[in-house]
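What follows is each chain in one-letter form.
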Amino acid sequence: MTTSMTTASTEPTPSPTGPRAAGTTTPPRARTAAPTRRKRRPHTPLNPRPSIPLTLVTGLVLLYTLLPLAWLLINATKDQKGLLDSFGLWFADDTHFWDNISRTLTYDDGVFVRWLLNTLLYVAAGAGGATVLAVLGGYALAKYDFPGRKAVFAVVIGAVAVPGTALAVPTFLMFSNMGLTNTPWAVIIPSLVSPFGLYLMWVFAAEAVPTELLEAARIDGSGEVRTFFTIALPLLVPGTVTVLLFSMVATWNNYFLPLIMIKDPDWYPLTLGLNAWNAQAQTAGGEAVFDLIITGSLLTIVPIVAVFLLLQRYWQSGLAAGSVKE
Amino acid sequence: MRTHTTRRLLGALSVLATLTLTATACGSDASDTGAGDSGPKDINAALEKGGKVTVWAWEPTLKKAAEDFEKKYPKVDIELVNAGTGDKQYTALQNAIAAGSGAPDVAQVEYYALGQFTIAKSVEDLSPYGAQRYGTSFTSGPWNAVTEDKAIYALPMDSGPMAFFYNKKVFDKHHIKVPTTWDEYVEAARTLHKADPKIFITNDTGDAGATTSFIWQAGGRPYQTDGTNVTINFGDEGTQKYAATWQKLLDEKLVAPVSSWSDAWYKGLADGSIATLSIGAWMPANLTSGVASASGDWRVAPLPQWTKGDKVSAENGGSSLAVPKAAKNKELAYAFTEFATTGAGASARVAQGSFPATRADLESKAFLDTKFPYFGGQQANQIFAESARNVGADWSYLPFQVYANSIFNDTVGKAYVSSTKLTDGLKAWQDASVKYGKDQGFTVNK
């Protein structure tokens, strides 16, 4: 800091300081050019004043977020022995990363792969279905006027407020009476309902699809179904991706619903399966497989991280839609 | 992070369990009459006809039993389902019974939890199937745990006579003799911790199963059950003896604040910072697979005694196989239960590492002579077998022990995290258990 100030005062003309400083190069002013430069640069919302406490807090949060991930990556390279013998945040003497992955995929007759496929099924059917329903419903609620719309609104808002956990027991009893527990349906059907997704699509459709456009289409003789698919749907893509992303993350991480619905390990999603491996270490005679649990956890988050990275630009534009007057 | 979520989840589950407990209490009539005893139990005919038996269990050696059974009876299909471990499985079982569908044909139930299912009449009495002939086949502790008057509610699958596991390497390094009494144990704890503040004689953050086992060994009999008449009294001499000794360890911070079965626990057992365990005889399997790096460091000794010269032990853990009343094919279910718990089925499971509840296996030469490379070639089974013979008689658990254990940490657990005394914690546990028992319709005396 001090060095740059001295340079600025001894050499009036150079301008690492940008166009403003370059414009005012008279010698008397140059002495004060460096200190005042900071003042004169306007702090717009896009170029906010740097704040040391804020940076520190953000740094801490960053560390807090990344540390578990780093821990997971480091420990996925250790075997059971290494896990117990070495320091948690550094590597053990020997690395078992690939060995761990192959053992995770083959342990107990390759049940991990089965769980992975189950999870994919639940995500594809559950989150995919939830997105389709949310888009159709949201569009209908936003663009069609019909009796009971307000009631639907009230129900949806109410449903957003009820945590899924609170509904778990009644849902279990209901599915049990229908004989659907212990089948994939018990996980897929409740996942199809996403009040938040519906609400999001509703708000999004109201903003993103101009009613005038629909009217124009109608005047040109397009049917409602054709209008939806050719005109509305392309406009709804960012919102759809957002809802898809949300439901995918929710379904991928879902633990409680499958926990109470599914008893058959053949239908477990990854979350339950990994927990079952963990519980194994807590029983008399059970084999402790912490190394496989950690590697399994790493494998479990890879797809969701990938999806997030791929879809996040849609997600960002989706959330911002309608927030500014254009 | 993980423990946090587990905690919350367990909280949610216990609410669920309470809900369903109440539900079964009301609905027990239906399941009672719904089953109906239909004439003589022709097990052989059922075996010939074949069918599917769903077994809810987490015990690993049952896999072998299921394979052997299917080989012997090709028409029977055994479906082993791990529906969760311990109380998670009981919650699921209660739910399935309450919901009237989805219950398994056979379920693994730990001895401490069996009362909950027998009192609600949700498990089948196995004596009409011929189970009474095994009266002398099993060791007395487990057999007492599964029988009530003339009814046999389950067959013992394994047992957990307690023994003292210690890290010889640590003991040798600090010149400590293996304690034979609990007073010597406290002394050893002091010496160890003084010599190296990182070393603790053992770990304890409040474990209902361990506490009741210690009280059992000390001669305390806090629970008495006679039908729906229940007595809960932690004021007896045995309990006080346990509490006074353990209080010393807590006051002087001589036990590691590490929960059993956590990864930190396994780590402590591996690096020697948890130097001993007083635990059931099933522990070798867990040490061998979970703490492989400490192989050769550990040894087994008889449990320290409360009075010098005594030879008293207690059971810690152990499970039975029960047939729920809601089972679809009870004859087949019984056939598998019998196969897996007695005779060749039991021996095969013992060979896989299960600790026997059958006298024949416990007394067999092969079993007693087994050398454990993990314990430096020690014939540890001889110590376990002697412990099984010395288990104190007349112990019983509560018919709602699963619930009682679930509130252990809210009551006795305070002694581990605050200045509350163990005796006060036990008193609080007693009061809360009495209240719950009364709410459930039991006649409870203090």
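Only a predicted model underlies this, so the values are computations on that prediction, with no experimental measurement involved.

## Some remarks on the packing of helix α6 (residues 97–143) of chain A against helix α10 (residues 195–208) of chain A
All names here are of chain A.
No. 1: Two elements in contact, α6 and α10, have axes whose closest approach is 7 Å; the angle formed by their N-to-C orientations is 45 degrees. By the criterion of interaxial angle, the relationship of α6 to α10 is oblique. For the crossing formed where α6 meets α10, the hand is right-handed. When α6 is examined against α10, the residues Leu133, Ala134, Val135, Gly137, Gly138, Tyr139, Leu141, Ala142 and Lys143 are found in contact with a partner set consisting of Gly197, Leu198, Met201, Trp202, Ala205 and Ala206.
No. 2: Its residues placed into classes, the contact of α6 with α10 shows 11 nonpolar, 3 polar and 1 charged.

## With respect to the UniProt feature "domain: ABC transmembrane type-1" (unreviewed entry) in chain A
No. 1: With numbering aligned to this structure, UniProt lists the feature "domain: ABC transmembrane type-1" (unreviewed entry) at residues 116–311 of chain A.
No. 2: In residues 116–311 of chain A, helix accounts for 79% and strand for 0%; the two terminal C-alpha atoms are 21 Å from one another.

## Considerations on unusual backbone geometry
For residues other than glycine, phi is negative in most cases, and the peptide bonds are mostly trans.
No. 1: The backbone of aspartate 109 of chain A shows a phi angle near 60 degrees, a positive value even though the residue is not glycine.
No. 2: Within the element layout of this structure, aspartate 109 of chain A appears in helix α6.
No. 3: Of note in the backbone geometry, aspartate 149 of chain B takes a positive phi value of approximately 55 degrees without being a glycine.
No. 4: Summarising the element assignment, aspartate 149 of chain B is placed in the loop between β4 (147–148) and β5 (151–152).
No. 5: Given a relative accessible area of 80%, aspartate 149 of chain B falls into the exposed group.

## Some details on empty space enclosed by the protein
Where empty space is left can be seen by rolling a probe of water-molecule size over the atoms.
No. 1: Per the counting criterion, the structure on display carries 1 cavity of 30 Å³ or more.
No. 2: The space that makes up the largest cavity amounts to roughly 240 Å³.
No. 3: Lining the largest cavity are 20 residues, and of these Leu259 and Lys263 of chain A together with Ala83, Gly84 and Lys88 of chain B sit closest to its centre.
No. 4: When residues of the lining of the largest cavity are traced back to their parent elements, those giving at least two are α13 (256–261) and α14 (270–280) of chain A together with α1 (2–35) and α4 (87–99) of chain B.

## Thoughts on the packing of aromatic side chains
No. 1: This model, assessed by the stated rule, comprises 54 aromatic pairs over all chains.
No. 2: Summarising the aromatic geometry, the rings of phenylalanine 97 of chain A and tryptophan 98 of chain A are spaced 5.0 Å apart at their centres and angled 70 degrees between planes, so their arrangement reads as edge-to-face.
No. 3: For phenylalanine 97 of chain A, a relative accessible area of 22% gives the class partly exposed.
No. 4: Residue tryptophan 98 of chain A is classed as exposed on the basis of its relative accessible area, which comes to 67%.
No. 5: A network of ring pairs unites the aromatic residues Trp58, Tyr90, Tyr112, Phe117, Trp216, Tyr223, Phe234, Trp395, Tyr397, Phe408 and Trp429 of chain B as a single cluster.
No. 6: The ring of tryptophan 267 of chain A has arginine 114 of chain A sitting right over it, with the charged end atom 4.7 Å from the ring centre.

The rules behind each value
Residues numbered from 1 in each chain as written. Chains lettered and ligands numbered in written order. Predicted model: local features only at pLDDT ≥ 70, side-chain atom pairs only at ≥ 80, totals over all residues. Heavy atoms only, no water. Axes fitted to C-alpha atoms, helices over the stretch in contact; angles between N-to-C directions. Helix = DSSP H or I, 4+ residues; strand = E, 2+ residues; numbered from the N terminus. Parallel < 35°, antiparallel > 145°, perpendicular 65-115°, else oblique. Left-handed = near helix turned anticlockwise from the far one by under 90°. Contact = heavy atoms within 4.5 Å. Nonpolar A, V, L, I, M, F, W, Y, C, P; charged D, E, K, R; others polar. UniProt positions renumbered as here; feature names shortened; annotations may be inferred. Buried < 20%, exposed > 50% of the residue type's maximum accessible area, 1.4 Å probe, protein only. 1 Å grid on protein atoms, 1.4 Å probe; cavity = no way out; pocket = protein on both sides within 12 Å on 5 of 7 lines; lining within 4 Å. Points joined across faces, edges and corners; volume = space filled by probe spheres on them. Phe/Tyr/Trp six-rings, centres within 6.5 Å; stacked < 30°, edge-to-face > 60°. Lys NZ or Arg CZ within 6 Å of the ring centre and 35° of its normal.

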